[in-house]
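Residue-level structural notes
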There are 2 protein chains.
Amino acid sequence: MDAKNAEDAKNAEAGRNAVDAKNAVAGKDAEDELRHRLLAGLPAEAVLTDPEVTASYATDMASFCPAGTPAAVVLPRTAEQVQHVLRTATALRVPVVPQGARTGLSGGANATDGAIVLSLLKMDRILEIDPVDRIAVVEPGVVNAVLSRAVAEQGLYYPPDPSSWEQCTIGGNIGTASGGLCCVKYGVTAEYVLGLDVVLADGRLLRTGRRTAKGVAGYDLTRLFVGSEGSLGVVVQAVLALRPAPPRQLALAAEFPSAAAACAAVCAVMAAGHTPSLLELMDRTTVRAVNRLGRMGLPESTEALLLAAFDTPQAEADLAAVGALCAAAGATAVVPAEDEAESELLLQARRMSLTALEALRPATMIDDVCVPRSRLAEMLDGTAAVAARHRLTIGVCAHAGDGNTHPVVCFDPADADETARARASFDEIMALGLELGGTITGEHGVGVLKKDWLARELGPVGLEMHRAVKQAFDPLGLLNPGKLF
Amino acid sequence: MDAKNAEDAKNAEAGRNAVDAKNAVAGKDAEDELRHRLLAGLPAEAVLTDPEVTASYATDMASFCPAGTPAAVVLPRTAEQVQHVLRTATALRVPVVPQGARTGLSGGANATDGAIVLSLLKMDRILEIDPVDRIAVVEPGVVNAVLSRAVAEQGLYYPPDPSSWEQCTIGGNIGTASGGLCCVKYGVTAEYVLGLDVVLADGRLLRTGRRTAKGVAGYDLTRLFVGSEGSLGVVVQAVLALRPAPPRQLALAAEFPSAAAACAAVCAVMAAGHTPSLLELMDRTTVRAVNRLGRMGLPESTEALLLAAFDTPQAEADLAAVGALCAAAGATAVVPAEDEAESELLLQARRMSLTALEALRPATMIDDVCVPRSRLAEMLDGTAAVAARHRLTIGVCAHAGDGNTHPVVCFDPADADETARARASFDEIMALGLELGGTITGEHGVGVLKKDWLARELGPVGLEMHRAVKQAFDPLGLLNPGKLF
């Protein structure tokens, strides 16, 4: 390098440093400006900018999803404060990531760089429970289990019961249209949302839906927000439908010599017109993992364990009929629970499944493929073939009555080859689901984890119309950017 | 008028005539062009342009809704033909009015001037009924009763049962998210639509939703189309959820000394956690009208007749409990049906109500206000006050369990003053519904009849977002223009 060039390089370096410094100042200025504006409409304790604190809000419970560094975390207590946050975000063109309890499994609540993380956890009031109208009016930060217990005290029932129900919030449940064990009889969260108050990207307050049992005035914008993963608006209040509390459920367990036989039993039960309150499947890997974690004493010789429950007045008779169908489909043992307590133990074993599978290896990726229940056997056999081909442990628990499987791909992230095989398996399972006429996500949502796969499921026209709807509600693209599509 | 002015007037007249003639030629040319283009993708018998024939497709069953003169009526048999119609409409900027059986009650299917009326009546195939997956796949022109009977043959149940179920089509039911008598237990049409094939305004085919029991991949565009009254796209195929056939229902009738007492019984029944398959109310005017039309022998001394039914295994016990609640609320008589046949007679009386009320006077306007069921008594008393104030007969039958009332305003259109009072009453009843926290339409839709009222119910932000959604799907505004908003 000659003197001239050295000088040029030095000047260029100095220039770069000056630009960096200026950007840093600009970045600092922008952050100060953001903080200043937020504080104009929020109390000081509701605006967090300490990087060590805000970092703890960066991710939900999904593995292997990128997350950025938020500029601020805000914890509003009123709809007006949420409106202020979104007006500020629009004015400064700052992205906003709405968050509940961050129990999601797809990275849908992960922060993006420079974003405002909008946590709804402090908006946690149950505003109304009405046994005559069978509705509850709640803020988004109410924990699912808190609501469930509160309505139970009045003889009512809020069915949606995601595994994380002791932590997850109604707002988060609405964001992903969460399911749970009850869905085979009671459906998912979407079916319990009658009306919403939503703050739009520009801060306007939109009221959708109703408090009535029926209503067809205009487009169903309520359902458009349910499952939109915070990308169309921020829910600040919800009117939820409730049901009368059913009798406590009674369960049975049936052991099968193959997953296919268990799936045949599921089909027979549904074709016979039964309406179980729960119809779950655990494969051999899951059963053993649960025994290992919880000493549950489940039968380890079984290839597939089917759990069925009824919450009807004639539960014993219903269980007997289902037991007979299981036997006809090849069950080697059918064991009805002695009582409600034993039934509850079986359910606990099922609820423990994901955690138990996660404990098998250093890391896991959880699929959420839902297929028509008539294709469930093909889905399980195909998943076993994927595991064999990639020499991996993939345990499957499934909401079998809904055809919704959770294959859990177990691997060691320190092993690059195994990690690559895990990733490939995770994808092949989704491809199989689509081939069988299913969906890539029955209840966990898309987030960042399944973005590429959503495009594949929707197809080009579907994706175009998704973008058009997003554009209609959030023309600046500020709400939860980089998620879904 | 002097000579000069006379000459000018003559020239002006000649000019006007020339312009009219030119427009007429242009109109004729445009119609020829439209017909020519339609025939490029449709068989001759599927394109009707004889004005005497097309006029018969101009209106649905709503009274007092304006209707225009269509340029053509098309009767496609395939999705590809529907795509051709919409591509043609987009190319020529011709509006399209989708139609089913035209049994609607809000003018939502009324033709507009120069439009293509797109009748889906010939797309009437049931493509699939699957008892394991509990779904049916149908074309939009399938008649509700035809589907209901076909699934019943396989031990299945398609609940939505609008009064017009022997004529109305599934496509029309989807367009208005129709209800019926079953809703108090089974919900409306929207809850049975899992997935749709929709032809968009520009002819692209969009597939929404799924065949699976659950699924949360992307926005719920399926529900956005349900109830959109043909304004966002044309449904050409639907995946519908089915249920196992329940036991035949058993009914009771309870007589009350006042509408308020009957409504108190409704609230008591729902608060006690019952799930009747039907909970209907007929006021004194309705009871008498039904007796007059059908010689049903209903008790004429009652102020309000409540019908309750259960399709549970323990229907007698459920009815006994509801009977006791009715007695406690002041019922003067509680009469359980002797058997299923007598139960069916009671239901027939209820189904006859609208027709019976329509027979009372030369014309009627039918409201469809739904309020929270806790406000039902106020709604009925308020409606009676409207009738008294305007010196009109307003009979009310109601899906009481849902809070969905159908006040039928009876009048003589030959009497201008009475007509004005009828119109005012119709509006005052909707205003009352909104005041009580209800909606202007529980199940009949908005159409042209309640456009002004939709704006009032949605509010300015709601209306803006409706327009934004419409713009996203139909930027040229060709689909069912002038309806909804």
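Residues numbered from 1 in each chain as written. Chains lettered and ligands numbered in written order. Predicted model: local features only at pLDDT ≥ 70, side-chain atom pairs only at ≥ 80, totals over all residues. Heavy atoms only, no water.

**Concerning the nonpolar core**
How we decide: Nine residue types can take part in a nonpolar core, namely buried Ala, Val, Leu, Ile, Met, Phe, Trp, Tyr and Cys, and a core is a set of them joined through side-chain atoms within 4.5 Å. Each residue's exposure class comes from its accessible area (1.4 Å probe, protein chains only) as a fraction of the maximum for that residue type: buried when under 20%, exposed when over 50%, partly exposed otherwise. Here a helix means four or more residues in a row that DSSP labels H or I, a strand means two or more in a row labelled E, and each is numbered from the N terminus. Any two residues whose heavy atoms approach within 4.5 Å are treated as being in contact.
Core analysis: the biggest nonpolar cluster contains 207 residues, and Phe 473 of chain A together with Phe 473 of chain B have the highest contact counts within it. Ranked by the residues each element gives to this core, the list is headed by helix α15 (residues 451-473) of chain B, at 10 residues. Other than its neighbours up to four places away in sequence, Phe 473 of chain B contacts Met 465 and Val 469 of chain A together with Leu 200, Ala 201, Leu 206, Leu 221, Leu 224, Phe 225 and Leu 232 of chain B.

**As for the packing of helix α8 (residues 259-271) of chain A against helix α13 (residues 376-389) of chain A**
Residue and element names in this part refer to chain A. Quick reminder of the rule: Think of each axis as a best-fit line through the C-alpha atoms, taken over the contacting stretch in the case of a helix, with angles from 0 to 180 degrees between the N-to-C directions. We call two directions roughly parallel when the angle between them is under 35 degrees, roughly antiparallel when it is over 145, roughly perpendicular when it lies between 65 and 115, and oblique otherwise. By convention, the crossing between two helices is left-handed when the near helix turns anticlockwise from the far helix through less than a right angle, and right-handed when the turn is clockwise. Three classes are used: nonpolar for Ala, Val, Leu, Ile, Met, Phe, Trp, Tyr, Cys and Pro, charged for Asp, Glu, Lys and Arg, and polar for all others, with Gly counted as polar.
At their nearest, the axes of α8 and α13 sit 8 Å apart, and the two run at 160° to each other. When the interaxial angle is binned, α8 and α13 end up roughly antiparallel. Pair α8 / α13 crosses with right-handed handedness. Residue-level contacts link Ala 259, Ala 260 and Cys 263 of α8 to Leu 376, Ala 377, Leu 380 and Asp 381 of α13. Its residues assigned to classes, the contact of α8 with α13 shows 6 nonpolar, no polar and 1 charged.

**A few points about the sheet that holds strand β2 (residues 72-74) of chain A**
Adjacent strands of a sheet pair through backbone hydrogen bonds, lying either parallel or antiparallel. All names here are of chain A. Our working definition: Paired strands are those between which DSSP finds at least two bridges.
Reading across the sheet, the 4 strands line up as β1-β2-β4-β3 and stay open at both edges, with mixed pairing between neighbours. The two strands at the open ends of the sheet, each matched to only one other strand, are β1 (47-48) and β3 (96-99). With 4 bridges connecting them, β3 and strand β4 (residues 116-119) associate as parallel partners. If you follow Val 96 over to β4, its bridge partner there is Ile 116. Contacts between helix α3 (residues 79-92) and the sheet are confined to β2, β3 and β4, with β4 contributing the most and set at about 165° to the helix.

**Section: the interface of chain B and chain A**
What counts here: When two parts are brought into contact, each loses some accessible area as probed by a 1.4 Å sphere; the total of that loss over both is the buried area. Salt bridges are defined as contacts in which a side-chain nitrogen from Lys or Arg sits within 4 Å of a carboxyl oxygen from Asp or Glu. Pairs of N or O atoms are called polar contacts if they sit within 3.5 Å, as long as, within protein, a hydrogen donor faces a hydrogen acceptor (for residues adjacent in sequence, only side-chain-to-side-chain pairs).
Contacts between the two partners involve 73 residues from chain B, matched on the other side by 73 residues from chain A. Taken over both partners, the interface formed by chain B and chain A buries close to 5,700 Å², and the fraction arising from carbon and sulfur atoms is 62%. It is Lys 214, Val 216 and Tyr 219 of chain B in chain B that bury the most area against chain A; as a group they hold 17% of the surface buried on that side. Our enumeration of links across chain B and chain A arrives at 8 salt bridges. For Asp 402 of chain A, the salt bridge is made with Lys 214 of chain B, and the minimal N-O distance between the two is 3.9 Å. Counting across the interface, chain B meets chain A through 26 residue pairs in polar contact (both at pLDDT 80 or more). For the side of chain B that touches chain A, the elements supplying multiple residues, two or more each, are β9 (205-209), α7 (221-225), α8 (259-271) and α15 of chain B. Tallying contributions element by element places α15 of chain B first for the side of chain B that touches chain A, with 13 residues. The residue makeup of the side of chain B that touches chain A, split by class, is 36 nonpolar, 24 polar and 13 charged.

**Some points on the relation of the copies chain B and chain A**
Heads up, the rule is: All copies are superposed by least squares; the fitting set is the C-alpha atoms of residues with a pLDDT of at least 70 in both.
Aligned on chain A, chain B shows an RMSD of 0.0 Å; the corresponding rotation is 180° and the shift along the axis is 0.0 Å. The operation mapping one copy onto its partner corresponds to a two-fold rotation axis. A symmetric contact is evident, with 100% of the interface residues of chain B recurring at the interface of chain A.

**Considering the sheet that holds strand β10 (residues 234-241) of chain A**
Residue and element names in this part refer to chain A. Ordered in space as β5-β6-β10-β8-β9, the 5 strands form an open sheet in which the pairing is antiparallel. A strand with exactly one partner marks an edge of an open sheet, and here the two such strands are β5 (126-130) and β9 (205-209). Here the strands of the sheet are splayed against their neighbours by 10° on average, with no regard to which way each runs. Of the strand pairs in this sheet, strand β8 (residues 193-199) and β9 are connected by 5 bridges, and their pairing is antiparallel. Its bridge partner lying in β9, Val 199 is registered against Leu 205.

**With respect to the environment of Ala 101 of chain A**
Counting through the fold element by element, Ala 101 of chain A comes out in the loop between β3 and β4. Ignoring sequence-local partners within four residues, the contact set of Ala 101 of chain A consists of Leu 121, Gln 167, Cys 168 and Thr 169 of chain A.

**Quick word on the UniProt feature "domain: FAD-binding PCMH-type" (unreviewed entry) in chain A**
For clarity, the threshold we go by: UniProt positions are given in the numbering used here, feature names are shortened, and annotations may be inferred rather than shown by experiment.
Sequence positions flagged by UniProt for "domain: FAD-binding PCMH-type" (unreviewed entry) are, in local numbering, residues 66-245 of chain A. The span residues 66-245 of chain A shows a helical share of 22% and a strand share of 24%, and its end C-alpha atoms are spaced 41 Å apart.

**Some remarks on empty space enclosed by the protein**
Where we set the bar: Detection works on a 1 Å grid of protein atoms alone, calling trapped sets that fit a 1.4 Å probe cavities and calling open sets with protein on both sides within 12 Å along at least five of seven lines pockets, with lining residues defined by an atom within 4 Å of a point. Grid points are joined across faces, edges and corners, and a volume is the space filled by probe spheres set on the points.
Enumeration according to the criterion identifies 1 cavity of 30 Å³ or more in this entry. In this structure, the largest cavity encloses a volume near 30 Å³. What lines the largest cavity is Asp 133, Arg 211, Thr 212 and Ala 213 of chain A together with Val 371, Pro 372, Arg 373 and Asp 402 of chain B. The class makeup of the residues in the lining of the largest cavity is 3 nonpolar, 1 polar and 4 charged.

**Focus on helix α13 (residues 376-389) of chain B**
Residue and element names in this part refer to chain B. Stated formally: One less than the residue count of a helix, multiplied by 1.5 Å, gives the span that helix is expected to have. Starting at the helix axis, one direction is taken to each C-beta atom, and the arc is that of these directions.
Given a rise of 1.5 Å per residue, 14 residues ought to cover 20 Å, and the 20 Å separating the end C-alpha atoms of α13 matches this to within 8%. Burial in α13 covers these residues: Leu 376, Met 379, Leu 380, Gly 382, Thr 383, Val 386 and Ala 387. Looking down the long axis of α13, one finds its buried residues gathered within 165° of arc, a one-sided arrangement. More than 90 degrees from the buried face of α13, the exposed residues found are Ala 388 and Arg 389. The inward-facing, buried residues of α13 abut α8, β13 (278-283), β17 (393-399), β18 (404-411) and α14 (416-435). Phi turns positive, to about 50°, at Arg 391, one or two residues after α13.

**A short note on the pattern of salt bridges**
Under the criterion given, the structure shown has 46 salt bridges over all chains. Taking the shortest distance from any N to any O, the salt bridge between Glu 300 of chain B and Arg 288 of chain B comes out at 3.9 Å. With a gap of 12 residues between them, Glu 300 of chain B in the loop between α9 (284-294) and β14 (304-310) and Arg 288 of chain B in helix α9 connect regions that are remote in the sequence. Owing to a relative accessible area of 34%, Arg 288 of chain B belongs among the partly exposed residues under this scheme. One salt bridge in this structure joins Glu 344 of chain B and Arg 351 of chain B, with 3.6 Å as the shortest N-O distance. With relative accessibility at 30%, the residue Arg 351 of chain B sits in the partly exposed group. Linked by salt bridges that have partners in common, Asp 202 and Arg 204 of chain A together with Glu 464 of chain B make up one network.

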